[in-house]
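Commentary on secondary and tertiary structure
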Amino acid sequence: MIIIKAGKPQGMKHYRHILIVLLTATLAACVSAPNRPVAQQNNAPPPTYQNRLPAAPPRVDNAREQPNPALVREIEDLWRSFPGKTGIAIKRIDGEWEFGQRAEEYFPQQSVSKLWVAMTLLDKIDQGRASLSDPIRIGKEDLTVFHQPMAVEVEREGSVIKSVYTLLEMALASSDNTANDALLRHAGGPDAVRSFIAKNNLGKIRFGPGERLLQSGIAGMEWKQDLSYRRTFYAARAKIPVEQRRQSLEAYLADPVDGASPIAIARALDKLARGALLSDNSTKLLQSILKRTRSGPNRLKAGVPAGWEFLHKTGTGQVLGAVATGYNDIGIMTAPDGTRYAVVVMLGDTTASIPERMRMMQAVTRTVARYHPG
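Numbers given to residues run from 1 along each chain, matching the order in which its sequence is written. The predicted nature of this model means local features are confined to residues of pLDDT at least 70 and side-chain atom pairs, given and counted, to a pLDDT of 80 or more, with totals for whole chains, interfaces and linings taken over all residues. Each side-chain value is derived from all of the structure's non-hydrogen atoms; neither hydrogens nor water enter the calculation.

**What about the overall build of the protein chain?**
Secondary structure elements are taken from DSSP: a helix is a run of H or I of four residues or more, a strand is a run of E of two residues or more, and numbering for both begins at the N terminus. Each helix and strand in the protein chain was counted, giving 13 helices and 11 strands. To sort residues, take the accessible area from a 1.4 Å probe on protein chains only and compare it with the maximum for the residue type: under 20% means buried, over 50% means exposed, and anything in between is partly exposed. Counting the 374 residues in the protein chain, one finds 51% classified as buried. Surface exposure of the protein chain reaches about 17,900 Å², of which carbon and sulfur atoms provide 55%. Residue burial considers only the protein chains on display, and all accessible areas are found by Shrake-Rupley using a 1.4 Å probe.

Below, the structure written as structure tokens:
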């Protein structure tokens, strides 16, 4: 399904002028064009996103009001050719158009949801109820699962104290799960994040129960704190019967507790970019951290041309057998002339290899840039 939102059509005078030009060109072609032989059919398979050669895109004069139809078609082709459940949304920031594929459906966010935690806490700071310099203690009892680089330091020292600013950098740029859960507690917990989403009318964006309960539930496990130490979670999960894990994973994918629609995320990125969610200082701070994101360098970012700016947040879910879930990247790409696009790609589930997933994401940003009218 494609959804397209665009600006108002122009007047009838404009259309009559176009019609006259087209009729004149058609008559001239009928009179002067020589007969051409019909091309022989090529039985070779059509090019895919791996080897598509760039071509000069047709211009769209009112590019602020509507997307280039060729851009829409190419993104649809990428979406259609990729295996699994895929959601894509693209929105021109400061413009009037947006479009996507499965863009209204819920997809698991995974670490993309760290963005809403950061926004909630920065909103609290904007209200004077917290500060970037607030110290937060993190002990062994606060460790989570999967990617948590600070766990080594916590286990060595017993506990550490980090400022809100440091934890924002760790949670967003490094996607540290323990840092994010610490920020979540300081922000007021999951209900505070949900209230921020509702207050700002962000639409179909859910927020889950926090990293520990989320990941253990997806795996069909009951959370116990000792699962957070080193590779204990992996060892315990390996003992869960495969069918039990499959049922839990399928239930999560069918109705993800941390789900969001691609178009809702694109619209939220639009609001963030325009300063409609946070103060000017908090907006600039959040964007500066997202520009330093180190996770997923070969996802959307690798397709952004030189000279463009890009800020983003990735998400990566659990894998069972050949099926990977929650493999996401969302971001804002800015052209050299200042034009901005919100780009969201969410792979709910797929059997594609990691390189194939990366190439598809790169193709999306590369295509958006190629059709930029600047």
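**What to know about the packing of helix H5 (residues 164-173) against helix H6 (residues 177-187)**
Lines fitted to C-alpha atoms define the axes, with helix axes restricted to the stretch in contact, and inter-axis angles between N-to-C directions lie between 0 and 180 degrees. Look at H5 against H6: their axes get within 8 Å of each other, and the N-to-C directions meet at 135°. Considering the angle they form, H5 stands oblique to H6. For the pair H5 and H6, the crossing hand works out as left-handed. For the pair formed by H5 and H6, the contact residues are Val164, Leu167, Leu168, Met170 and Ala171 on the first element and Ala179, Asn180, Ala182, Leu183 and His186 on the second. Lys, Arg, Asp and Glu make up the charged group, whereas Ala, Val, Leu, Ile, Met, Phe, Trp, Tyr, Cys and Pro make up the nonpolar group; the residues left over, Gly among them, are polar. Classifying every residue of the contact of H5 with H6 gives eight nonpolar, two polar and no charged. What sets the label is the angle itself: under 35 degrees gives roughly parallel, over 145 gives roughly antiparallel, 65 to 115 gives roughly perpendicular, and the rest give oblique. Each crossing gets its handedness from the near helix: less than a right angle anticlockwise from the far helix is left-handed, clockwise is right-handed. In what follows, residue pairs with any heavy atoms lying within 4.5 Å of each other are defined as contacts.

**Considering the packing of helix H3 (residues 114-126) against helix H7 (residues 190-199)**
Direction vectors running N to C along H3 and H7 enclose 85°, while the axes themselves pass 9 Å from each other. Considered as vectors, H3 and H7 are oriented roughly perpendicular to each other. Of the residues in H7, those in contact with Trp116, Val117, Met119, Thr120 and Asp123 of H3 are Ala192, Val193, Phe196, Ile197 and Lys199.

**Remarks on the nonpolar core**
The biggest cluster of nonpolar side chains holds 60 residues, and the ones touching the most others in it are Trp116, Met119, Leu167, Ile205, Ile265 and Leu286. In this structure Ile205 touches Gln109, Trp116, Ile197, Gly259, Ala260, Ala264, Ile265 and Ala268, once residues within four positions along its chain are discounted. Among the nonpolar cores identified, the runner-up in size contains 30 residues, and Ala70, Val304, Val345 and Tyr371 belong to it. Take the buried Ala, Val, Leu, Ile, Met, Phe, Trp, Tyr and Cys residues and link them wherever side-chain atoms come within 4.5 Å; each set so joined is a nonpolar core.

**Here's the deal with the confidence of the model for the protein chain**
A residue's pLDDT is the confidence the predictor assigns to it, expressed on a 0 to 100 scale. For the protein chain, mean pLDDT is 87; residues scoring 70 or higher make up 84% of the total. Throughout residues 8-54 the model reports pLDDT below 50, and contacts reaching past four residues in sequence, or to other chains, amount to 19 contacts.

**Looking at unusual backbone geometry**
With a phi close to 50°, Arg102 is a non-glycine residue in the positive phi region. One can find Arg102 in the loop between strand E3 (98-101) and strand E4 (107-108). According to the relative accessible area criterion, Arg102 is partly exposed, its value standing at 26%. At Ser175, a residue that is not glycine, the phi angle is positive and equals roughly 55°. The topology assignment puts Ser175 in the loop between H5 and H6.

**Regarding the pairing of strand E11 (residues 340-350)**
With respect to burial, E11 is a largely interior element, 10 of its 11 residues being buried. Of the pairings in the sheet, the one linking strand E2 (residues 85-93) to E11 comprises nine bridges and is antiparallel in character. What sits directly across from Ile88, in E11, is Val345. What makes two strands pair is DSSP finding at least two bridges between them. Summarising the sheet, strand E10 (residues 323-334) and E11 pair through 10 bridges and their orientation is antiparallel. For Thr334, the partnering residue across the bridge sits in E11 and is Arg340.

**Quick notes on the packing of aromatic side chains**
Centre distance and the angle of the planes are the two values used to describe a pair of aromatic rings. Two rings from Phe, Tyr or Trp (for Trp, the six-membered ring) form a pair when their centres are within 6.5 Å of each other. A pair whose planes differ by under 30 degrees is stacked, one over 60 is edge-to-face, and the rest are tilted. The tally for this structure, following the rule as stated, stands at five aromatic pairs. Ring geometry for Trp97 against Tyr341: centres 6.1 Å apart, planes inclined by 45°, an arrangement best described as tilted. In this pair, Trp97 sits in the loop between E2 and E3 while Tyr341 sits in strand E11, placing the two residues 244 residues apart along the sequence. Residue classification places Trp97 among the buried positions, given a relative accessible area of 3%. With a relative accessible area of 3%, Tyr341 lands in the buried category.

**Quick word on the pattern of salt bridges**
By convention in these notes, a salt bridge is any Lys or Arg side-chain nitrogen within 4 Å of a carboxyl oxygen on Asp or Glu. Across all of its chains, the model carries 20 salt bridges by this definition. Among the ionic pairs, Arg292 bridges to Glu169, the shortest N-O distance being 2.7 Å. Of this pair, Arg292 sits in the loop between helix H12 (280-291) and strand E8 (309-315) while Glu169 sits in helix H5, and the two are 123 residues apart along the sequence. Owing to a relative accessible area of 33%, Arg292 belongs among the partly exposed residues under this scheme. We note a salt bridge from Lys291 to Glu309, for which the minimum N-O separation is 3.2 Å. Taken together, the residues span a long stretch of sequence, with Lys291 in helix H12 and Glu309 in strand E8 at a distance of 18 residues. Among the charged side chains, a network of salt bridges with common partners joins Lys85, Arg102 and Glu105.

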